[in-house]
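# Chains, contacts and geometry: an overview
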Amino acid sequence: MTAVVVVGAGQAGLQAADALRAGGYGGELVVVGEEPDPPYQRPPLSKDYLMAETDPLPLRGPAFFEGITYAGGARVLAVDRRRREVELDDGRRIGYSALVLATGAVNRTLPGADLAGVHGLRTLADARALRAELADARSVVVAGAGFIGLEFAAAARARGLAVTVLEAAERPLARAVSPVMSDFLAGAHRSAGVELRLGEGVSALEGSGGRVRAVVGTSGAVLPADVVLVGVGVRPRTELAEAAGLAVDDGVVVDEYLRTADPAVYAIGDCARFPCHHAGVPARLESVQNAADQGRHVAKVLLGTPEPYRELPWFWSHQGPVRLQIAGLAQAADTALVSGDVASGRFSVLRFREERLVAVESVNRPADHLAARRLLAAGGALSPADAAAPSFSLKEFEARDRAAVG
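Definitions and limits used
- Residues numbered from 1 in each chain as written.
- Predicted model: local features only at pLDDT ≥ 70, side-chain atom pairs only at ≥ 80, totals over all residues.
- Heavy atoms only, no water.
- UniProt positions renumbered as here; feature names shortened; annotations may be inferred.
- Helix = DSSP H or I, 4+ residues; strand = E, 2+ residues; numbered from the N terminus.
- Domains from an automatic or database assignment.
- Salt bridge = Lys/Arg side-chain N within 4 Å of Asp/Glu carboxyl O.
- Buried < 20%, exposed > 50% of the residue type's maximum accessible area, 1.4 Å probe, protein only.
- Expected span 1.5 Å × (residues − 1).
- Arc of directions from axis to C-beta.

### Describing the UniProt feature "domain: FAD/NAD(P)-binding" (unreviewed entry) in the chain
- As annotated in UniProt, the feature "domain: FAD/NAD(P)-binding" (unreviewed entry) corresponds to residues 3–295 in the numbering used here.
- End C-alpha to end C-alpha, residues 3–295 measures 17 Å, and it is 22% helix and 30% strand.

The following block contains the structure:
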């Protein structure tokens, strides 16, 4: 049997399979997923799941898997590019006409992460273990003020726990948002009762009897902890590609069609490093949007309608009452202009590079976010002077721009 084989049953992998079927592909289709649970929505794990007793929603209903060979709880051990086969850990060998690597990423860890009470948060198994421990915990320490760390901190604080967040950088989400947004988020978490320690990383995890008891910060501070969440980033899962002789550079290297150097092998989602039109350089993006859009895109390529991948990146993060949405990709040196009232908790930060709008960060302003996505995708010409006008409205500007074009 030869088939289109998709390795990975997360957002990217299932979207690729879905789009192939929707696009008329009638051949064999195999999806291999390591986790024993049916594929599920991952974003709620750091938020809603920790507050409820129900499992997250499935990524697809039962009807989706009719006509698809789904190998759940299985792992691909090796890719034989010469034979065009994958070898599974149960001994099966499956031939492929095209192979889509959607292997995702895994959490980075810290020394001492093998102590009981120390957790990462990426899979449903992680979230189940963490939620069970939170039931009896009193003090929580979070290593890292990234998206996962801040989302978890908000959820743990909402449960009434004492929460301390250690972040080695001088501001939260330093690589993702502007200083204005970082300052707002820091204030929002502190107002909710989170102890946020910036410029302080983790020096050590201390335990006794095999269980974590405290976190030692780089300042020497010792912070008691019943539970520790390690949220210090992820690394792409590239082992299969590397062992198969494919190029790897902070992700599986692909071209603008999401193909590796082997024309029968593709990579999408968190594991793929691709020529990013909006960044202007090769990039690897970790987002539901990128995973889903690349899944749809690789299906088009496989179905014979190849186009360069140029979808606009966008992101979101729910941190308690804060709904952060980001459209586009900014850099640290980009100019930032605020639209709205930061003190009200409803505003947007517009990022400009050489007088050109490149990204918009919005808090509790979904209309701004949708307008930003449309404007950036269309290449609308919003200038800093336009945005600085006292009566400026991003939603209204985008509507006028759209009307002028169309």
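Additional details are given in the paragraphs that follow.
### Describing the domain arrangement of the chain
- If you check the domain split of the chain, you get domain 1 (3–106 + 234–303), domain 2 (109–230) and domain 3 (321–405).
- For domain 1 and domain 3, the distance between their C-alpha centroids amounts to 32 Å.

### Some remarks on the pattern of salt bridges
- Under the counting rule described, the total for this entry stands at 27 salt bridges.
- With a shortest N-O distance of 3.9 Å, Arg-273 and Asp-249 are connected by a salt bridge. You can see Arg-273 sitting in strand β19 (residues 272–275) and its partner Asp-249 sitting in the loop between α6 (239–243) and β17 (252–253), a full 24 residues away along the chain.
- The closest approach of N and O atoms between Asp-334 and Arg-353, which form a salt bridge, is 2.8 Å. In this pair, Asp-334 is assigned in the loop between β22 (322–328) and β23 (335–341) and Arg-353 in strand β24 (residues 346–353), connecting sequence segments 19 residues apart.
- The class of Asp-334 is buried, set by a relative accessible area of 9%.
- Taken together, the salt bridges that share partners define one network made up of Asp-80, Arg-83, Glu-85, Glu-87 and Arg-93.

### Here we look at helix α10 (residues 394–405)
- With 12 residues, α10 extends 16 Å between its outermost C-alpha atoms, agreeing within 8% with the 16 Å of an ideal straight helix rising 1.5 Å per residue.
- Within the sequence span of α10, burial applies to Leu-394, Phe-397, Glu-398 and Asp-401. Axial view of α10: buried residues confined to an arc of 95 degrees, hence all on one face. Relative to its buried face, α10 has exposed residues pointing more than 90 degrees away, namely Arg-400 and Ala-403.

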